[in-house]
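What the coordinates show
Chain by chain, the residues:
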Amino acid sequence: MIELVLGGVRSGKSRYAESVVKQLPAPWIYLATGRAWDAEMQERIVRHQADRGEGWRTVEEPLELADALVAAGDAPVLVDCLTLWLTNLLMAERDISVAKKRLLDVLSHRKALTVLVGNEVGLGIVPENALARRFRDEAGWLHQAIAAQARKVVLSVAGIPCVIKDISGAVAN
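Per chain, the residues get numbers from 1 upward, laid out in the order the sequence is written. Residue-level local features of this predicted model are given only where pLDDT is at least 70; pairs of side-chain atoms are given and counted only at 80 or more, and the full residue set underlies all totals for whole chains, interfaces and linings. Calculation of side-chain values draws on the structure's entire complement of heavy atoms; hydrogens and water are dropped beforehand.

Comments concerning the side chain of lysine 13
Formally: The way it works is that DSSP assigns letters per residue, a run of H or I at least four long becomes a helix, a run of E at least two long becomes a strand, and they are numbered from the N terminus. Under the scheme applied here, a residue whose accessible area is under 20% of the maximum for its type counts as buried, over 50% as exposed, and between as partly exposed, the area being computed with a 1.4 Å probe on protein chains only. His is not counted here, nor are the chain ends, while Lys and Arg score as positive and Asp and Glu score as negative. When a carboxyl oxygen of Asp or Glu lies within 4 Å of a side-chain nitrogen of Lys or Arg, that pair is called a salt bridge. The definition of a polar contact used here is a pair of N or O atoms within 3.5 Å, where within protein one atom must be able to donate a hydrogen and the other to accept one, and adjacent residues in sequence count solely through side-chain atom pairs. We call two residues contacting when some pair of their heavy atoms lies within 4.5 Å.
Along the chain, the position of lysine 13 falls in helix α1 (residues 13-21). Aspartate 80 is the oppositely charged side chain nearest to the buried, salt-bridge-free lysine 13, at an N-O distance of 6.5 Å. Here asparagine 119 takes part through its side chain, which lies 3.0 Å from a polar atom of the side chain of lysine 13. Apart from the residues lying within four places of it in its own chain, the contact partners of lysine 13 are Val5, Leu6, Gly7, Gly8, Val117, Gly118, Asn119 and Ser156.

Things to note about helix α5 (residues 96-109)
Put simply, the rule is: A helix is expected to span 1.5 Å multiplied by its residue count minus one. The directions from the helix axis to the C-beta atoms form the arc being described.
Given a rise of 1.5 Å per residue, 14 residues ought to cover 20 Å, and the 20 Å separating the end C-alpha atoms of α5 matches this to within 8%. Every buried residue of α5 is accounted for by Ile96, Ala99, Leu103, Leu104, Val106 and Leu107. An end-on view of α5 places all buried positions within 165° of arc, on one side of the element. Counted as exposed and oriented over 90 degrees from the buried face of α5: Val98, Lys101 and His109. Here the buried face of α5 lies against β1 (2-7), α3 (65-71), α4 (82-91), β5 (114-119) and α6 (130-149).

A closer look at unusual backbone geometry
For residues that are not glycine, phi is negative in most cases, and the peptide bond is trans in most cases. With omega at 10°, the peptide bond leading from alanine 26 into proline 27 counts as cis. Within the secondary structure, proline 27 is located in the loop between α1 and β2 (28-32). In this chain, aspartate 80 is followed by cysteine 81 through a cis amide linkage whose omega measures 5°. Position of cysteine 81 relative to the elements: it lies in the loop between β4 (77-80) and α4.

Some points on the packing of α4 against α6
Put simply, the rule reads: A fitted line through C-alpha atoms represents every axis, and for helices the fit uses only the stretch in contact; the resulting angles, taken between N-to-C directions, go from 0 to 180 degrees. Between 65 and 115 degrees an angle is taken as roughly perpendicular, under 35 as roughly parallel, over 145 as roughly antiparallel, and anywhere else as oblique. In this scheme the crossing of two helices becomes right-handed for a clockwise turn of the near helix relative to the far one and left-handed for an anticlockwise turn of less than a right angle.
Contact pair α4 / α6: the axes reach a minimum separation of 10 Å and the direction vectors enclose 130°. Taken together, the axes of α4 and α6 lie oblique to each other. In terms of crossing hand, the pair formed by α4 and α6 is right-handed. Touching Leu82, Thr83, Trp85, Leu86, Thr87 and Leu90 of α4 are Leu131, Arg134, Phe135, Glu138, Ala139, Leu142, His143 and Ile146, all from α6.

A look at helix α2 (residues 39-52)
Spanning 14 residues, α2 covers 20 Å between terminal C-alpha atoms, matching the ideal 20 Å at 1.5 Å per step. In this structure aspartate 38 caps α2, since a side-chain oxygen of it lies 3.3 Å from the backbone nitrogen of glutamate 40. One or two positions beyond α2, positive phi appears at glycine 53, with a value near 80°.

Comments concerning the pattern of salt bridges
For the structure shown, the criterion picks out five salt bridges. Among the salt bridges present, the one from arginine 136 reaches aspartate 137, with a minimum N-O distance of 2.9 Å.

Some thoughts on the nonpolar core
Convention followed: The criterion is simple. A nonpolar core is a set of buried Ala, Val, Leu, Ile, Met, Phe, Trp, Tyr and Cys residues joined through side-chain atoms within 4.5 Å.
Among the nonpolar cores identified, the biggest contains 33 residues, and Leu4, Leu69, Val79, Leu82, Leu103, Leu116 and Ile146 are the most heavily contacted of them. Only β1, β2, α3, β4, α4, α5 and α6 provide two or more residues apiece to this core. Counting residues per element, this core draws most heavily on α5, which supplies six residues. The contact partners of leucine 116, leaving out residues within four places of it in the chain, are Ile2, Glu3, Leu4, Val5, Val79, Leu82, Leu107 and Ile146. One finds Val20, Leu78, Cys81 and Leu113 within the second-largest nonpolar core, a separate group that totals 15 residues.

This is the structure in structure tokens:
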């Protein structure tokens, strides 16, 4: 039961993803991949946790995403976000292909709802440096691989969830 939610910054993707998970009984796990690199990010994390309200258990895991999903057991999980996870892997000089393969394997065996959020970064111009181009490419390949396994794929635009792939795997027209 995988759902992939993509969109740009402030597109409403996380709010939509939370609403999907909250359709199931609590408790829910919010698997956060972001890191508090500075005071502004620390404040942002605190604000996001407060906005989520009761019923959520936050697990912060910037690198070992697959292991955190295994540890979640049968609980519904919201992963926010895949692109921050990729950034963390790149900055830690981890083998992205190994981490991606492990994540896809764990996702293929999960029975509980797993909603994954990612930033759609392939709609802009070609980045000017090699690291940014690699990030954009890795994000695109990761999103494609997860979308292939997902029962549903949603693109959030201006707060409006647009279904790209439905439960049966049919492509929306």
